[in-house]
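Observations on chain architecture
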Amino acid sequence: KMTKKIIKLTVRDVRFPTSLEQHGSDAMHTDPDYSVAYVVIETDQGMQGYGLTFTVGRGTEIVVCAVEALSALVVGKSLEEIVSDFRGFYRLLTSDGQMRWIGPEKGVIQLATAAVLNAVWDLWARSEGKPLWKLLVDMDPRKLISCIDFRYITDALTEEEALDILVKAQTGKQQRVDQMLKEGYPAYTTSCAWLGYSDQLLKQLCTDALNDGWTKFKVKVGADLKDDIRRCSLIRQMIGPHNTLMIDANQRWDVGEAITWVTRLAEYKPLWIEEPTSPDDILGHAAISKALAPLGIGVATGEQCHNRVMFKQFLQASALQFVQIDSCRLGSVNENLAVLLMAHKFKVPVCPHAGGVGLCELVQHLILFDYISVSASLDNRMCEFVDHLHQHFRSPVVIQNAHYMPPKDPGYSCEMLESSVQTHQYPQGQVWKKLQ
Ligand SMILES: C[C@H](O)[C@@H](O)CC(=O)C(=O)O
Ligand SMILES: [Mg+2]
C-alpha cells in the first residue's frame with residue numbers, strides 16, 4: 001500500500017489577481033492578490049503528493065525559494081521512513097543547523113515548511129486511500145503523538161497529558177464521525193464584508209448569504225471608526241439580534257486604541273475582535289482581553305501566529321478566547337496537532353482561520369479531527385469560510401446549509417487543477433501576461 005521513495009519536488013508561484021475587485025481586503029492588506037507556493041512531490045512509484053502555503057502576492061517568489069532550499073531534506077527519503085519517525089522529520093526540517101538561522105520556526109521558512117509537510121501529509125493520506133481527517137481520526141493515539149514535536153511546550157502540555165486527551169476522546173468517536181458525515185461542521189462567512197467592498201455590495205452579499213442559510217458573519221474593521229460604525233450597524237440590522245457578528249482589525253491598532261475603538265463598536269455585539277494589535281504582542285492581547293471581557297467581547301487571533309510556542313504563551317497568559325489555527329502558517333498538521341491539544345487543555349475553543357487560496361480546503365480536515373478526536377464539543381466553535389477560488393481545486397470544499405461537509409476523496413484536498421496552475425503561474429501565466 002505504501003509508496004516508496006520521494007524522487008522529485010517541484011514548487012510554483014501561483015497568484016490570483018483578487019485585488020482587482022478588493023476581495024480579501026482589510027485594514028492592513030488593502031490589495032491582496034491571493035497566492036500560493038504550490039508544491040508537488042513525486043515518488044518512484046509514480047504517486048503524487050500536493051501541498052501549498054498561502055501568501056497575498058508579492059513575496060511568493062521568496063517562499064518558493066525557501067521551499068527549494070528545503071527540498072534537499074525531502075528528496076531521497078521514503079514515505080515509510082518519514083512517517084515512522086515524523087517527529088524526527090519535522091525536526092530535520094525546522095532545526096536544520098544552518099537554515100534554522102533564518103527562522104527558527106517563523107516567517108518565510110515556516111511557511112515553506114508548511115507547504116512541504118502539507119504535501120507529505122497529502123501523500124500519506126492518499127497512500128492510505130483516506131481523506132486526511134479520516135487518516136488522523138483512525139490513527140492510534142500513540143502514533144499521533146509521535147508526529148508532534150513537544151520541544152518548548154512541555155511546560156504547558158506533556159506527551160502523557162496529550163495522550164490522555166486523545167485516549168479519553170475515543171469514547172463517542174464513531175457517533176461524532178456519523179454526525180459530521182450527516183450534518184457537517186458549522187461555518188461562518190467572511191465573504192460579505194471585505195474592507196474595500198461598497199455598502200451596496202455588502203448589502204447584496206449579506207442578503208444572499210442569509211438566503212443561503214448563513215447565521216454567522218465577519219466584518220473587516222480598523223481603518224476608519226465612522227465607516228466601522230456605519231458598516232457594523234448596517235450588517236447588524238440586516239442579520240438581526242440573534243445571528244452572530246465578528247469583527248477583524250488585522251493588527252491595525254495599538255493596545256489602548258484597540259480597547260477604545262472596540263468599546264465604540266460594542267453596541268453591535270461582536271462575539272470577538274480578531275487580531276486587534278501586533279500578532280506577536282501576547283501581553284497586549286492579554287490586556288485587551290481583560291478590558292473587553294466585561295463587554296462580552298472575546299479576542300481571537302492566530303492566522304499570523306507562527307508556531308506552537310507563541311500559541312502556548314497566548315494560552316498561558318489568557319490572551320485569547322478563540323484559537324485561530326491556520327493550516328499553512330504553522331508547521332503543517334504536525335504543529336497544528338500540538339496546538340489543538342494545548343487549546344483543549346486550556347479549555348479555549350478552536351475556530352480556524354480559512355479563506356485565501358486553499359485554506360478552507362485544508363483546514364476543514366483539522367477541525368473535523370478536533371471535534372471527533374480532541375474536543376468533542378461544538379460550543380462556541382465554527383470554522384471560517386470564504387467563497388473564493390474553490391473552482392481551482394480538484395476536490396473543492398462542499399458547503400451545505402453553512403456547514404463544511406467532510407471531504408471524501410483521499411488526501412489533504414491540496415491538489416489544484418493543472419490548467420489553473422498554468423494560467424495563474426506568476427509571471428508567465430496567461431492571466432498575468434494579460435495584466436502586464
Ligand atoms: C488578507 C486576508 O484576506 C485577510 O484579511 C484574511 C483574514 O484576516 C481572515 O480571513 O480572517
Ligand atoms: Mg483575520
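Rules and cut-offs
- Residues numbered from 1 in each chain as written.
- Chains lettered and ligands numbered in written order.
- Predicted model: local features only at pLDDT ≥ 70, side-chain atom pairs only at ≥ 80, totals over all residues.
- UniProt positions renumbered as here; feature names shortened; annotations may be inferred.
- Helix = DSSP H or I, 4+ residues; strand = E, 2+ residues; numbered from the N terminus.
- Rg over C-alpha atoms; globule rule 2.2 N^0.38 Å.
- Buried ≥ 20, exposed ≤ 12 C-beta atoms within 10 Å, placed from the backbone.
- Contact = placed C-beta atoms within 7 Å.
- Pairing = 2+ DSSP bridges.
- Axes fitted to C-alpha atoms, helices over the stretch in contact; angles between N-to-C directions.
- Near = placed C-beta within 6 Å.
- Nonpolar A, V, L, I, M, F, W, Y, C, P; charged D, E, K, R; others polar.
- Core = buried A, V, L, I, M, F, W, Y, C linked by C-beta atoms within 7 Å.
- Expected span 1.5 Å × (residues − 1).
- Arc of directions from axis to C-beta.
- Parallel < 35°, antiparallel > 145°, perpendicular 65-115°, else oblique.
- Left-handed = near helix turned anticlockwise from the far one by under 90°.

- By the naming in an unreviewed UniProt entry, the protein chain goes by Mitochondrial enolase superfamily member 1 and is assigned to Oncorhynchus mykiss.
- Under the Sequence similarities (unreviewed entry) heading, UniProt states for the protein chain: "Belongs to the mandelate racemase/muconate lactonizing enzyme family. ENOSF1 subfamily."
- Listed under Cofactor (unreviewed entry) in UniProt, the entry text for the protein chain is "Mg(2+)".

1. As for the overall build of the protein chain
- Of the regular secondary structure elements, the protein chain holds 17 helices and 12 strands.
- A compact globule built from 436 residues should have a C-alpha radius of gyration of about 22 Å, and the protein chain, at 21 Å, falls within 12% of that.
- If one aligns the C-alpha atoms of the protein chain with their principal axes, the spans along those axes are about 60 × 55 × 45 Å.
- Buried positions account for 53% of the 436 residues belonging to the protein chain.
- Counted over contacts in the protein chain with a minimum sequence separation of 6, partners at least 24 positions apart contribute 75%.

2. Overview of the sheet that holds strand β2 (residues 35-43)
- Here we have three strands laid out as an open sheet, ordered β1-β2-β3, and antiparallel in their pairing. Single-partner strands in this sheet number two, and they are β1 (6-15) and β3 (48-55). If you compare each strand with its neighbour and ignore which way they point, the axes differ by 15° on average.
- Relative to β2, β1 runs antiparallel, the two sharing nine bridges.

3. A word on the site of ligand 1
- Around ligand 1, the structure places G24, D26, H29, P32, V56, T190, D248, N250, E303, H353, G355 and E384.
- Classifying every residue of the shell around ligand 1 by side-chain character gives two nonpolar, six polar and four charged.

4. Concerning unusual backbone geometry
- The peptide bond linking G103 to P104 adopts the cis configuration, its omega dihedral lying at -15°.
- With respect to the secondary-structure elements, P104 resides in the loop between α3 (86-94) and α4 (107-127).
- In this structure, P427 follows Y426 across a cis peptide bond, with omega equal to 0°.
- Locating P427 in the fold gives a position in the loop between α16 (418-424) and α17 (430-435).
- Although it is not a glycine, Y152 sits at a positive phi angle of roughly 80°.
- Within the secondary structure layout, Y152 lies in the loop between α6 (141-145) and α7 (159-168).
- Despite not being glycine, A376 has its phi angle at roughly 55°, a positive value.
- You can see A376 is positioned in the loop between α15 (359-375) and β10 (383-385).

5. Looking at the nonpolar core
- If you look at the biggest cluster of nonpolar residues, it comprises 140 residues, and the most contacted ones within it are A37, V39, V67, A112 and V116.
- Sort the elements by how many residues they give to this core and α4 lands first, with 14 residues.
- Other than its neighbours up to four places away in sequence, V116 contacts V39, G51, V67, L70, V74 and L93.

6. Brief notes about the pairing of β2
- In terms of residue burial, β2 counts as a mostly covered element, since seven of its nine residues are buried.
- Sheet topology note: the β2/β3 ladder contains eight bridges and is antiparallel. Within the sheet, the bridge partner assigned to V40 lies in β3 and is Y50.
- Taken together, β2 and the strand that follows it, β3, pair antiparallel across an intervening segment of four residues, in which G46 is found at a positive phi of about 80°.

7. Describing the environment of Y152
- Given 13 C-beta atoms within a 10 Å radius, Y152 is considered partly exposed.
- Placed 157 residues apart in sequence, Y152 and V309 show a C-alpha to C-alpha distance of 6.4 Å.

8. So, helix α10 (residues 225-239)
- Here α10 contains 15 residues, and its C-alpha end-to-end distance of 21 Å stays within 8% of the 21 Å for a straight helix at 1.5 Å per residue.
- Of all the positions in α10, only D228, R231, C232 and I235 are classed as buried. Down the axis of α10, the smallest arc covering the buried residues is 100°, so these residues share one side. Across α10 from its buried face, at more than 90 degrees, point the exposed residues K226, R230 and Q237.
- Following α10 by one or two positions, G240 has its phi on the positive side, about 80°.

9. Topic: the environment of M405
- Structurally, M405 can be placed in strand β12 (residues 403-405).
- Along the primary structure M405 and I367 are separated by 38 residues, whereas in three dimensions their C-alpha atoms are 12 Å apart.
- Aside from chain neighbours lying at most four places away, what touches M405 is G184, V398 and Q400.

10. Description of the packing of helix α11 (residues 255-265) against helix α12 (residues 282-292)
- Where α11 meets α12, the axes come as close as 9 Å, and the angle between the chain directions of the two elements is 25°. The angle between the axes of α11 and α12 places the two elements in the roughly parallel class. Two packed elements cross with a definite hand, and for α11 against α12 that hand is right-handed. The segment α11 lies against α12, with V255, A258, I259 and V262 engaging G284, A287, I288, A291 and L292.
- Taken together, the residues of the contact of α11 with α12 sort by class into eight nonpolar, one polar and no charged.

11. As for the packing of α10 against α11
- In the contact formed by α10 and α11, the axes pass within 10 Å of each other and the chain directions differ by 30°. Two packed elements cross with a definite hand, and for α10 against α11 that hand is right-handed. Between α10, through L225, D228, I229 and C232, and α11, the contact on the second element is made entirely by W261, R264 and L265.
- Grouping the constituent residues of the contact of α10 with α11 by class yields five nonpolar, no polar and two charged.

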